[in-house]
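Below, each chain spelled out in residue letters.
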Amino acid sequence: MEYTLVRDMKPGLKNINLQFVVLDVGQGSITKDGHKVRTCKIADKTGSINLSVWDEPGNYLNPGDICKLSKGYASVWKGCLTLYTGKGGEIQKIGEFCMSFSEIPNLSDPNPEYAPQMAKRS
């Protein structure tokens, strides 16, 4: 399996396969539909990005977990590039703590270039 690098993420990218380490797992929030959504900060050797994890899989992710994502996609949420698991995709834990990574650049930092994409959604 060929992996996409974090530095190569851009809005609209689909069928992303990524190997990463979990840096931080947010508390999460509940949607109107009753889904629990957690935002995790993840990284590989080329940078970091936020990963939005819905429902039960978010309960199992912990900082230091090394995982692989299959069939993900990148989209803009509130002006920030965010990674999601697509339909039929999954996150699988493959190890712990032994992966070199870089938090810089953080592709989920707010980016004014994404403003036009946010306007299309409104």
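Residues numbered from 1 in each chain as written. Predicted model: local features only at pLDDT ≥ 70, side-chain atom pairs only at ≥ 80, totals over all residues. Heavy atoms only, no water.

1. A few points about the nonpolar core
Right, so step 1: The biggest cluster of nonpolar side chains holds 19 residues, and the ones touching the most others in it are M9, L18, F20, I42, I49 and L83.
Right, so step 2: At the level of secondary structure, the elements contributing two or more residues to this core comprise strand 1 (16–25), strand 3 (36–44), strand 4 (47–54), strand 5 (65–77) and strand 6 (80–96).
Right, so step 3: The biggest single contributor to this core is strand 1, with five residues.
Right, so step 4: The residues contacting I49, other than those within four sequence positions of it, are V6, M9, C40, K41, I42, L81, L83, N106, L107 and S108. (Core = buried A, V, L, I, M, F, W, Y, C linked by side-chain atoms within 4.5 Å. Buried < 20%, exposed > 50% of the residue type's maximum accessible area, 1.4 Å probe, protein only. Helix = DSSP H or I, 4+ residues; strand = E, 2+ residues; numbered from the N terminus. Contact = heavy atoms within 4.5 Å.)

2. Observations regarding the pattern of salt bridges
Right, so step 1: Scanning the model with the defined rule gives three salt bridges in all.
Right, so step 2: With a shortest N-O distance of 3.1 Å, K41 and E103 are connected by a salt bridge. Of this pair, K41 sits in strand 3 while E103 sits in the loop between strand 6 and helix 1 (115–121), and the two are 62 residues apart along the sequence.
Right, so step 3: Overall, the relative accessible area of 41% leaves E103 in the partly exposed class. (Salt bridge = Lys/Arg side-chain N within 4 Å of Asp/Glu carboxyl O.)

3. Things to note about the side chain of D65
Right, so step 1: Positionally, D65 belongs in strand 5.
Right, so step 2: Residue D65 is classed as buried on the basis of its relative accessible area, which comes to 4%.
Right, so step 3: Among the polar contacts listed, one links the side chain of D65 to the side chain of K93, at a separation of 3.5 Å.
Right, so step 4: Non-local contacts of D65, meaning those with residues more than four positions away in its chain, are made with F20, V21, V22, Y60, K93, G95 and E96. (Polar contact = N/O pair within 3.5 Å; in protein donor to acceptor, adjacent residues only side chain to side chain.)

4. Some words on the pairing of strand 3
Right, so step 1: Relative to strand 3, strand 1 is paired through four bridges, and the arrangement is antiparallel. Within strand 3, the position partnered with V21 by the bridge is A43.
Right, so step 2: Direction of pairing for strand 2 (residues 29–30) relative to strand 3: antiparallel, over a ladder of two bridges. Bridging from a neighbouring strand, S29 pairs with V37 of strand 3.
Right, so step 3: Taking the residues that link successive antiparallel strands as the turn, the strand 2-strand 3 hairpin has five residues, and the phi of G34 there is positive, at about 90 degrees.
Right, so step 4: Relative to strand 4, strand 3 runs antiparallel, the two being bridged by eight bridges. Considered in strand 4, the bridge of K41 is made with N50.
Right, so step 5: Between strand 3 and strand 4, which follow one another and run antiparallel, lie two residues. (Pairing = 2+ DSSP bridges.)

5. Regarding the side chain of S108
Right, so step 1: Along the chain, S108 turns up in the loop between strand 6 and helix 1.
Right, so step 2: Engagement of the side chain of S108 in a polar contact is seen with the backbone nitrogen of N50, the distance being 2.7 Å.
Right, so step 3: Dropping the residues within four chain positions of it, S108 is found in contact with S48, I49, N50, C80 and L81.

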